[in-house]
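Each chain, written out:
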Amino acid sequence: FCTGVILVSFVISTATRNYSQVDKAWSIVPFVYAWFVVCDERTFLMATLATVWGLRLTWNFNRRGGYSWPPWTGDEDYRWSFL
């Protein structure tokens, strides 16, 4: 799964010359990864917290126009301008 996400991001970024594609996956993919390692109550709690945090990031990124249709269009993460 991880390799697939990386390859899709790389191919779309290269094909569209829009290298901010990974910004769109960054708020979603980590909490999906967290659920792959759930094996007890502690890791379940960690995955739950990671999901809440990821949903918050996704909501804010979407609210600021980070997601668009078609998905390979759009600008980079708005927070880069502050760095």
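Above this text is the structure in question.
A few points on the structure.

Reading the values: rules and limits
- Residues numbered from 1 in each chain as written.
- Predicted model: local features only at pLDDT ≥ 70, side-chain atom pairs only at ≥ 80, totals over all residues.
- Heavy atoms only, no water.
- Helix = DSSP H or I, 4+ residues; strand = E, 2+ residues; numbered from the N terminus.
- Polar contact = N/O pair within 3.5 Å; in protein donor to acceptor, adjacent residues only side chain to side chain.
- Contact = heavy atoms within 4.5 Å.
- Axes fitted to C-alpha atoms, helices over the stretch in contact; angles between N-to-C directions.
- Parallel < 35°, antiparallel > 145°, perpendicular 65-115°, else oblique.
- Left-handed = near helix turned anticlockwise from the far one by under 90°.
- Nonpolar A, V, L, I, M, F, W, Y, C, P; charged D, E, K, R; others polar.

### Let's talk about the side chain of Thr-51
Relative to the assigned elements, Thr-51 resides in helix 4 (residues 41–63). A distance of 2.7 Å separates a polar side-chain atom of Thr-51 from the backbone oxygen of Ala-47. Apart from the residues within four sequence positions on either side, Thr-51 is in contact with Phe-31 and Trp-35.

### Overview of the packing of helix 3 (residues 29–36) against helix 4
When two helices pack together, their arrangement is given by the angle between the helix axes and by the axis-to-axis distance. Contact pair helix 3 / helix 4: the axes reach a minimum separation of 8 Å and the direction vectors enclose 165°. As the angle between them shows, helix 3 and helix 4 are arranged roughly antiparallel. Here the hand of the crossing between helix 3 and helix 4 comes out left-handed. Facing Phe-31, Ala-34 and Trp-35 of helix 3, the residues of helix 4 in contact are Phe-44, Ala-47, Thr-48, Ala-50, Thr-51, Gly-54 and Leu-55. In the contact of helix 3 with helix 4, the residues fall into seven nonpolar, three polar and no charged.

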